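Now for the letters of each chain:
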Amino acid sequence: MGWWSNLRQRCQTCSRVTLGAGVILGTLAIAFVMLTAGAYGLAWTNTEEFCIGCHEMRDNVYAEFKGTIHDKNRSGVRAICANCHVPHEPVALIVRKMQASFEVWGHLTGKIDTKEKFAKHRYEMAVKEWTRMKKNGSQECRNCHHFEAMEPEKQTEKARARHAKAQAQGTPCIDCHFGIAHNEPDGPGPQELKIAN
Amino acid sequence: MRAAWMLTALAVLALPVAAQAQDVAAAEALIKKSGCMKCHSVSAKKEGPSFKETAAKYKGKPDAQGALFKHLTTNPKIKVDGNEEMHDSLKTKNEAEIKNAIAYILSR
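Keep in mind the model is a prediction, meaning the values are calculated, not measured. (Residues numbered from 1 in each chain as written. Chains lettered and ligands numbered in written order. Predicted model: local features only at pLDDT ≥ 70, side-chain atom pairs only at ≥ 80, totals over all residues.)

Now for the overall build of chain A. The helix and strand inventory of chain A stands at nine helices and zero strands. Mapped from its N terminus to its C terminus, chain A presents α and β elements in the order α-α-α-α-α-α-α-α-α. Considering chain A as a whole, with its 197 residues, one finds that 10% of them fall into the buried category. Nonlocal contacts in chain A, meaning residues at least 24 apart in sequence, comprise 63% of its contacts between residues at least 6 apart. (Helix = DSSP H or I, 4+ residues; strand = E, 2+ residues; numbered from the N terminus. Buried ≥ 20, exposed ≤ 12 C-beta atoms within 10 Å, placed from the backbone. Contact = placed C-beta atoms within 7 Å.)

Below, the structure written as structure tokens:
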């Protein structure tokens with residue numbers, strides 16, 4: 001407890017209680033500032049502005065997303081990048097953010113900094129995201145789209161049959177609804193991916 | 001006279017090209033508008049066969065165009081998951097647009 005005696009020596013007129021309370025309050029204040037800054041920082045990395053801050057996203061996947069149903073629709077409700085690509089659950093969110101920090105390395109080394117390079121890596125990037133969405137049962141889709149809230153009679157006959165089957169079998173949304181916001185990569189789709197649980 | 005000959009020669013040469021020519025963007029737009037991508041994909045497996053599968057199936061077959069034209073305009077009965085369903089038609093009556101979409105599918 002070297003720091004404690006050091007503190008007491010520095011303020012000999014302070015009582016032990018005052019000093020103790022000061023230390024606790026100070027720690028709480030620092031923790032509060034750090035937590036707020038952290039939460040603010042995390043929220044900032046979830047904004048559309050942040051995501052399209054690099055041209056790799058802005059000129060490719062974001063350009064493709066523009067005009068799709070999740071960008072523009074009759075009711076004006078939008079799903080931005082983070083709504084589909086960042087988990088909402090705290091632990092999964094932090095894990096994904098950690099992985100994303102490695103993606104910054106890809107940005108710095110110019111892994112996908114031209115259209116050609118992006119095209120070359122598109123399939124591998126899509127498979128990563130499809131795998132994640134298959135493993136979590138397409139949780140990010142289901143944060144907004146709930147089977148229970150769907151009105152089957154408002155769906156086409158075909159959609160109704162497919163959704164009933166998907167719900168019964170627990171099929172993840174991404175198995176059928178892929179390539180809806182970005183161009184579809186060339187190669188086998190989510191249904192053909194073998195995912196080890 | 002020479003000009004007329006040259007024009008005829010050009011027209012003859014251009015014919016096969018014209019038959020194959022396709023407006024990819026228009027084909028993709030029509031296919032999307034018609035809801036094809038709900039069951040089909042260019043290269044991935046979905047309820048229906050991928051366009052690549054279809055292209056491979058009809059490769060070298062002289063009746064490819066005709067077979068697809070019928071398939072995409074007459075709502076034939078198809079089997080999905082063991083159940084009989086009606087296949088949707090392309091959402092246009094314009095023959096050139098339909099043929100363009102067929103050429104697009106067959107060249108995947």
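Further remarks concern the overall build of chain B. Scanning chain B from N- to C-terminus turns up five helices and two strands. Along its sequence from the N terminus, chain B presents helices and strands in the succession α-α-α-α-β-β-α.

Looking now at the interface of chain A and chain B. At the junction of the two partners, chain A supplies eleven residues and chain B supplies eight residues. In terms of residue class, the side of chain A that touches chain B is built from two nonpolar, four polar and five charged. (Nonpolar A, V, L, I, M, F, W, Y, C, P; charged D, E, K, R; others polar.)

Moving on, we get to the domain arrangement of chain A. As far as domains go, chain A holds domain 1 (14-44) and domain 2 (56-178). Once you take the C-alpha centre of each, domain 1 of chain A and domain 2 of chain A turn out to be 38 Å apart. (Domains from an automatic or database assignment.)

Our focus in this paragraph is the confidence of the model for chain B. Looking at chain B, pLDDT values average 85 and 81% of them are 70 or higher. For the stretch residues 15-19 of chain B, pLDDT sits under 50, and the model shows zero contacts to residues farther than four places along the chain or on other chains. (pLDDT = per-residue confidence, 0-100.)

Turning to the environment of B:Ile31, a few remarks are in order. Residue and element names in this part refer to chain B. Within the element layout of this structure, isoleucine 31 appears in helix α2 (residues 24-33). Along the chain, isoleucine 31 and isoleucine 98 lie 67 residues apart, while their C-alpha atoms are 9.5 Å from each other. Those residues in contact with isoleucine 31 that sit more than four places away from it in its chain are Cys36, Met37 and Ala101.

On to unusual backbone geometry. Despite not being glycine, A:Ser138 has its phi angle at roughly 55°, a positive value. By the secondary structure assignment, A:Ser138 is in the loop between α7 (115-135) and α8 (139-142). The class for A:Ser138 is buried, based on 22 C-beta atoms found within 10 Å. Unlike most non-glycine residues, B:Asn75 shows phi in positive territory, near 45°.

Before going further, it helps to spend a moment on the packing of helix α4 (residues 64-71) of chain B against helix α5 (residues 95-106) of chain B. Residue and element names in this part refer to chain B. At a minimum axis separation of 10 Å, α4 and α5 run at an interaxial angle of 120°. The hand of the α4/α5 crossing is right-handed. Within the contact between the two elements, α4 uses Ala64, Gln65, Leu68 and Phe69 and α5 uses Ile98, Ile102, Ile105 and Leu106. A per-class count over the contact of α4 with α5 returns seven nonpolar, one polar and no charged. (Axes fitted to C-alpha atoms, helices over the stretch in contact; angles between N-to-C directions. Left-handed = near helix turned anticlockwise from the far one by under 90°.)

As a further point, take the pairing of strand β1 (residues 77-80) of chain B. A regular strand carries its side chains on alternate faces of the sheet. All names here are of chain B. Where β1 lies against strand β2 (residues 83-86), four bridges are found, and the strand directions are antiparallel. Bridging across to β2, lysine 79 finds its partner in glutamate 84. Counted along the chain from β1 to the antiparallel partner β2, the turn is two residues long, and its residue aspartate 81 has a positive phi close to 55°. (Pairing = 2+ DSSP bridges.)

Take the nonpolar core next. Formed by 13 residues in total, the largest nonpolar core has its most connected members in B:Ala27, B:Leu30, B:Ile31, B:Ala101, B:Ile102 and B:Ile105. Elements that contribute at least two residues to this core include exactly α2 and α5 of chain B. With five residues, α5(B) is the single largest residue contributor to this core. Counting residues in each nonpolar core, the second largest holds six residues, with A:Ala126, A:Trp130, A:Met133 and A:Cys173 among its members. (Core = buried A, V, L, I, M, F, W, Y, C linked by C-beta atoms within 7 Å.)

Another point: the environment of A:Gly38. Note on placement: A:Gly38 falls in helix α2 (residues 16-44). In this structure, the C-alpha to C-alpha distance between A:Gly38 and A:Lys135, residues 97 residues apart in sequence, is 28 Å.

Turning our eyes to something else, we now look at the environment of A:Asn83. All names here are of chain A. Structurally, asparagine 83 is set in helix α5 (residues 81-85). Assessed through the 16 C-beta atoms surrounding it within 10 Å, asparagine 83 is described here as partly exposed. Between the C-alpha atom of asparagine 83 and that of alanine 164, which follows or precedes it by 81 residues, the distance is 25 Å.

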